[in-house]
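Structure assessment
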Amino acid sequence: MSAELDTTIPETARRSVVVVLIAIAVVAVSSLFFVSLSYFKSVEIEEAESRLSLYARSLNETIERFQHLPSVLSRYPIVIAGAAATSNRRLNEQLASFSEEAGLEAIYLMDRTGLVLAASNFNAPQTFVGQNYGFRPYFKNALEGERGQFFGIGATTGRPGYFVSEAVRTPLGEVTGVIAIKLDMSELQKAWEEGGERVFVSNRDGVIVLSSNPEWLYQTLSELSANQQAAIAAGKQFGNEPLLAFDWEQASPTTVSVGDQEFIYASTRAKRLGWNVHYLLDNRRGYERAALTTIIFGGVLSVLLAFATFQRSVRIKAALRASQADRAQLLAANAEINLAQKELARRSKLAALGQLSASVTHELGQPISAMRNYLTAAELDGDRMSGKTLDKLSAVVSRMENITRQLRFFTKPGDEALEIVSLQDVLAGVMTLMEHDVEEAQVHLEQDIAARPVRVFGNRLRLEQVLVNLMRNALAALETIEAPVLSVSIREDAGRAILRISDNGIGFGGRELQQMQEPFHTTRASGDGMGLGLSITAEIVKEHSGFLTAHQNEKGGADFEVSIPLAEEIA
Ligand code: ADP
């Protein structure tokens, strides 16, 4: 017997394991990606906010620096005088030197109509002197006594700038003119352009006034109302710029898209003018960082997983191999046991055969040598056989018959027909055989026989053998008893036929039926019994679906009971 050692895992099981592993890997990798993306997004948002505050600060500082300069200048006597003078040559020079020192594009003085009386750029080809800026809101505000602040494209120069203005008053407080400065914002704009980041500033109306990307300049974040458009036109704030709509969309407070590109977005208010500073950070970086993290972590995780899976499969294979080796050992052991069993059976058969032949040889040996003795004696007596010798020979022959009859039982039953037999008939048949023996032994025979035939389904001859065996045993047990009694009873009880043989003989001496019905178990002298009677009896009873019981009775003798189902019960 050989077992095929199959250490492979079944294909379907392996396939489902692979599917589950792939599913786990996909879920793990995508969760890893999204978690790291949200982490890097929050990092980028923080970064955008910190960059934004930097830009806002630099813008605020630039604007703030010159907030008070016009107010200071307006108190200068030369300026106050200049507002009333017709020639301002000295003032022009003064303003030019101031402007240069302060790093301003221009400082200029206007009369009450907005006409520029003196300007720092009096010498430049595009001088303000002689121009009228009465239309500018900052002029109007200053004239009304407020500080004017304004961002716009220069009406004369075409350059964008931040204007601050203040009223010029006589010592009596009468407003005689307006002094204004123009701060060139193109420096800041250039610095932002060169910075390589994306930042822009929108004014109160939502028009982009400063931007790191010059293309975005003067585009509007939201649509302008008619009033807004009119005010812008009146103040000539953005020259001839068409003020197109800025192509952007805000998806969330922290994400916007400009054109097709998505950005992390942050914005804050500037200190002055109702301006807002906006900062955009390319969000591709967040995706790249998340992807990189996923690849690194995912790679490490995959390697670990693959290693763990490999180790597990190695362990499973080892366990499988071990269990298959055990199984093979078990099979081998089983085969050995089978062989040993067969050998045992063969040997016990041989032993039984040996015992039987010894028994048969022994049992038949005695009568044969007796016969030889009788025949020799007859020969010596001149070949004449006396009646006495013949009697002896016939006794020997009947003993031999007795032995061979018992042995015949062990030949196959053949086709002895089964029929309905009454136990009364069986007893009658047996009594014709046994009557003589019972009388000779001087045994008192008691019979308790049911009047109604007690019928069973069976073989008459074999049932007779049961009764003969049991009666012979009883007679043998009664041999040494003084008032020997043999009782036979036939009756019905609860659907069964009961045959009972009792004696007041020597009894069992503490032995059990099991022991007594072992083949070759006998207490009788050689020649009287082979120890097969009870085992044959038990076998026949079993053939008839019955059972044999035995126990010692109160007189010290034996009670044997045969119980067989009634034929009526079977039918
Ligand atoms: P055998 O009669 O040849 O000895 P049996 O198998 O018929 O063989 O009986 C086995 C043994 O059982 C007997 O030798 C005897 O010791 C015991 N036995 C059987 N019947 C009786 C009985 N009625 N009373 C006492 N002992 C008995």
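Higher on the page you've got the structure.
Below, the structure is looked at part by part. All values derive from a computational prediction rather than experimental measurement. (Residues numbered from 1 in each chain as written. Predicted model: local features only at pLDDT ≥ 70, side-chain atom pairs only at ≥ 80, totals over all residues. Heavy atoms only, no water.)

Attention now moves to the sheet that holds strand 11 (residues 276-282). Pairing is antiparallel in the open sheet, where six strands are placed in the order 7-6-11-10-9-8. Taken across any chain shown, the strands that pair with only one partner, and hence form the sheet edges, are strand 7 (208-211) and strand 8 (248-252). Adjacent strand axes in the sheet meet at a mean angle of 30° when their direction is disregarded. Here strand 6 (residues 198-202) pairs with strand 7 via three bridges, running antiparallel. The partner of S202 across the bridge, within strand 7, is I208. (Pairing = 2+ DSSP bridges. Helix = DSSP H or I, 4+ residues; strand = E, 2+ residues; numbered from the N terminus. Axes fitted to C-alpha atoms, helices over the stretch in contact; angles between N-to-C directions.)

Take the sheet that holds strand 1 (residues 106-111) next. Sheet strands line up and pair through hydrogen bonds in the backbone, either parallel or antiparallel. As summarised here, the arrangement of the five strands in space is 2-1-5-4-3, forming an open sheet in which the pairing is antiparallel. Pairing within the sheet leaves two strands with one partner each, and these edge strands are strand 2 (116-119) and strand 3 (148-153). On average, adjacent strands in this sheet sit at an angle of 25° to one another, irrespective of strand direction. Here strand 3 runs beside strand 4 (residues 160-169); their pairing, made up of six bridges, is antiparallel. Bridge assignment links I153 to a residue of strand 4, and that residue is P160.

The subject of this paragraph is the packing of aromatic side chains. For the coordinates displayed, the defined rule picks out 23 aromatic pairs. Here the aromatic rings of F200 and F246 are separated by 5.4 Å at their centres, their planes lie at 65°, and the arrangement is edge-to-face. With F200 in strand 6 and F246 in the loop between helix 7 (226-234) and strand 8, this residue pair connects regions lying 46 residues apart in the sequence. According to the relative accessible area criterion, F200 is buried, its value standing at 0%. (Phe/Tyr/Trp six-rings, centres within 6.5 Å; stacked < 30°, edge-to-face > 60°. Buried < 20%, exposed > 50% of the residue type's maximum accessible area, 1.4 Å probe, protein only.)

Time to look at the site of the ligand. Looking at the ligand, there are 20 residues lining it, with T522, T523, R524, G531 and L534 nearest. Taking N473, its side chain carries an N or O atom lying 2.9 Å from an oxygen atom of the ligand. Here an oxygen atom of the ligand and a side-chain polar atom of T523 are 2.4 Å apart. Against a free-state accessible area of 530 Å², the protein chains account for coverage of 96% of the ligand. Contributions of two or more residues to the shell around the ligand are made by helix 11 (460-478), helix 13 (533-543) and strand 18 (558-565). In terms of residue class, the shell around the ligand is built from nine nonpolar, eight polar and three charged. (Near = heavy atom within 4 Å. Polar contact = N/O pair within 3.5 Å; in protein donor to acceptor, adjacent residues only side chain to side chain. Areas by Shrake-Rupley, 256 points an atom, 1.4 Å probe, with all protein chains shown as cover. Nonpolar A, V, L, I, M, F, W, Y, C, P; charged D, E, K, R; others polar.)

Okay, the nonpolar core next. Core analysis: the biggest nonpolar cluster contains 48 residues, and L467, M471, L486, L499, I501, F560 and V562 have the highest contact counts within it. Broken down by element, this core gets its largest block of residues, nine residues, from helix 11. Non-local contacts of M471, meaning those with residues more than four positions away in its chain, are made with V430, M431, M434, V438, L486 and I501. (Core = buried A, V, L, I, M, F, W, Y, C linked by side-chain atoms within 4.5 Å. Contact = heavy atoms within 4.5 Å.)

Let us look at the pattern of salt bridges. Taken as a whole and judged by the stated rule, the model has 17 salt bridges. With its nearest N and O atoms 3.7 Å apart, the salt bridge here joins R472 to D437. Here R472, found in helix 11, pairs with D437, found in helix 10 (residues 423-440); they are 35 residues apart in sequence, far enough to count as distant. The partly exposed category is assigned to D437, whose relative accessible area is 24%. Between R460 and E464 there is a salt bridge; the shortest N-O distance is 3.4 Å. (Salt bridge = Lys/Arg side-chain N within 4 Å of Asp/Glu carboxyl O.)

With 19 residues, helix 11 ought to run about 27 Å at 1.5 Å a step, and its terminal C-alpha atoms sit 27 Å apart, in line with that. Counting buried positions along helix 11 gives 15 out of 19 residues, so the element sits mostly inside the fold. Its side-chain oxygen 3.2 Å from the backbone nitrogen of L461, N459 forms the N-cap of helix 11. (Expected span 1.5 Å × (residues − 1).)

Mapped onto the fold, V454 is located in the loop between strand 13 (444-449) and strand 14 (455-458). Among the residues examined, V454 registers a relative accessible area of 0% and is labelled buried. Spatially, the C-alpha atom of V454 lies 93 Å from that of G298, the residues being 156 residues apart in sequence. Here V454 is in contact with V421, S422, L423, Q424, I490, R491, E492, A497 and L566, once residues within four sequence places are set aside.

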